[in-house]
Amino acid sequence: MHDIEYMDLALKMAQATRGQTSPNPKVGAVVIKNGEVLGLGAHLRAGTPHAEVYAINAAGEQARGADLYVTLEPCSHYGKTPPCSDLLIKSGIKRVIVAGLDPNPLVAGQGIAKLKEAGIEVEIGIGKAEAYAMNEPFFHFIKTKTPFVTIKAAASFDGKTAAKTGDSKWITSPESRLDVHQLRHEHDAILTGVNTIIHDNPHLTTRLPRGGRNPIRVVLDTYLRTPLESNMIQDRAVKTIIFTGNEIDIEKVASFREFDVEVIPLSQPTILIQEVLQELGKRNIMSLLVEGGSEIHSSFIDNDAYQQIILYVAPKIIGGKTAIPFIGGQGIEIVEDAKKLKFESVQTIGCDLKIIAKPLEE
Ligand SMILES: Nc1c(/N=C/[C@H](O)[C@H](O)[C@H](O)COP(=O)(O)O)[nH]c(=O)[nH]c1=O
Ligand SMILES: Nc1c(N[C@@H]2O[C@H](COP(=O)(O)O)[C@@H](O)[C@H]2O)[nH]c(=O)[nH]c1=O
Ligand SMILES: [Zn+2]
């Protein structure tokens, strides 16, 4: 097999741990000698051994003189686990093939430098694009200390998220809605607005056939209007945070506390998106899924506070000039001022389209 095939093996193992390693990145590692796989490993959960540890331990003495393929630069610091670069040097590995460097300031090239100093051959870049794409939230979070924001919208062919009556069940297909639950599983937190709570009474939980992790629920609710009898207050399914302005009735906060709902008044009368993202970053929330509605979507877009948009488009026409589009807000006056995107991918899912777009870097 060739280098890229062994790196593919490591990438696949890293991908298999989607949704479970936060706030750490997903990493896969493979030990190869004379065309034989001697060790395999993936980082399974923050605070547990790194991918390289599993792969090297499986290879044992055989690691001496072998090659190691790893999707992220071996760490060189004591976090919750000892540095992988020291382990690799001790194990006698001859050559290390790394897909991508680790931008974590604690690592950032030091892992590679240590390996080279110890006389280990290092090659960088095979599988870099995929290794980077799978950990984009981690790299964003390490740099900005705020979550990587994905706006998720579901709309009809003519861009509506509900009929003029407010009815929206269901616009997209069961396959698309299942895909949304996979997205939820992969995110640390999911955010919606109080209007969606009032109209859709959602649970915002992850309901995959095989279970799945519930993201922390976050509600933007300036005046604390979330009804106590809402599903996501009553179901106690997962930690729920409600961000409000600073002019709320403190008495009401107590009634939410008994449902393990944390109400956080922010510093201004209205909610500033950047302040919400900083508060979530302080709680080590690395990835945030924004599930609207249209006013919430427009506040993230107007503040350039998102890294990607995932739009599910159904082959249906809803029409109606008062039916709500998936982005609301004030909007622009002249098209020249439109927010510019670039389309990353378009795929069919069930009978729908799934479009992933990112802000166009000027
Ligand atoms: N109406 C549609 C959506 N509607 C999404 C709503 O805003 C709200 O997130 C859901 O009702 C969530 O409910 P729960 O958390 O599953 O209990 N989302 C979709 O992807 N397709 C649609 O057709
Ligand atoms: N998961 C992972 C790495 N993750 C790196 O180490 C940091 C976490 O360290 P710790 O707190 O000790 O788990 C994390 O922020 C990232 O920079 N490094 C690796 O060599 N291999 C791995 O499998
Ligand atoms: Zn490590």
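Presented here is a report on the structure given in the accompanying data block. (Residues numbered from 1 in each chain as written. Chains lettered and ligands numbered in written order. Predicted model: local features only at pLDDT ≥ 70, side-chain atom pairs only at ≥ 80, totals over all residues. Heavy atoms only, no water.)

Observations regarding the coordination of the zinc ion (ligand 3)
Consideration 1: Donor atoms from the polypeptide that coordinate the zinc ion (ligand 3) comprise His50 (ND1), Cys75 (SG) and Cys84 (SG), at 2.0 to 2.3 Å from the metal.
Consideration 2: For the zinc ion (ligand 3), the 4 donor atoms in the first shell make angles of 104 to 117° at the metal, a pattern classed as tetrahedral.
Consideration 3: When the donor residues of the zinc ion (ligand 3) are listed from N- to C-terminus, their spacing reads H-x24-C-x8-C. Of the two residues, His50 is situated in the loop between β2 (36-42) and α2 (51-59) and Cys75 in the loop between β3 (67-70) and α3 (84-91); the sequence distance between them amounts to 25 residues.
Consideration 4: Taking the relative accessible area as the measure of exposure, His50 reaches 15% and is therefore buried.
Consideration 5: Assessed through its relative accessible area of 6%, Cys75 is described here as buried. (Donors = N, O, S within 2.8 Å, 3.2 Å for Na, K, Ca; no water. Tetrahedral: all angles 85-135°; square planar, octahedral: opposite > 155°, others 65-115°. Helix = DSSP H or I, 4+ residues; strand = E, 2+ residues; numbered from the N terminus. Buried < 20%, exposed > 50% of the residue type's maximum accessible area, 1.4 Å probe, protein only.)

Remarks on the pattern of salt bridges
Oppositely charged side chains can form a pair if their charged atoms are brought close together.
Consideration 1: By the definition in use, this model includes 19 salt bridges.
Consideration 2: For Asp86, the salt bridge is made with Lys114, and the minimal N-O distance between the two is 2.8 Å. Of this pair, Asp86 sits in helix α3 while Lys114 sits in helix α4 (residues 110-117), and the two are 28 residues apart along the sequence.
Consideration 3: According to the relative accessible area criterion, Asp86 is partly exposed, its value standing at 29%.
Consideration 4: Here Asp188 makes a salt bridge to Arg213, at a shortest N to O gap of 3.2 Å. Highlighted residues: Asp188 in the loop between α7 (174-186) and β7 (189-193) and Arg213 in the loop between α8 (194-200) and β8 (216-220), separated in sequence by 25 residues.
Consideration 5: Its relative accessible area of 30% is what places Arg213 among the partly exposed residues.
Consideration 6: One salt-bridge network, held together by shared partners, links Asp3, Asp67, Lys94, Arg95, Glu121 and Glu123. (Salt bridge = Lys/Arg side-chain N within 4 Å of Asp/Glu carboxyl O.)

Describing the packing of aromatic side chains
Consideration 1: Enumeration over the complete set of coordinates arrives at 3 aromatic pairs.
Consideration 2: With a centroid separation of 4.8 Å and an interplanar angle of 25°, the aromatic rings of Tyr132 and Phe139 are classed as stacked.
Consideration 3: Looking at Tyr132, the relative accessible area reads 40%, which means it is partly exposed.
Consideration 4: On the basis of relative accessible area, Phe139 is assigned to the buried category, the value being 4%.
Consideration 5: Pairwise contacts between aromatic rings join Tyr132, Phe138 and Phe139 into one cluster.
Consideration 6: Sitting over the face of the ring of Trp170, Lys169 holds its NZ or CZ atom 4.7 Å from the ring centroid. (Phe/Tyr/Trp six-rings, centres within 6.5 Å; stacked < 30°, edge-to-face > 60°. Lys NZ or Arg CZ within 6 Å of the ring centre and 35° of its normal.)

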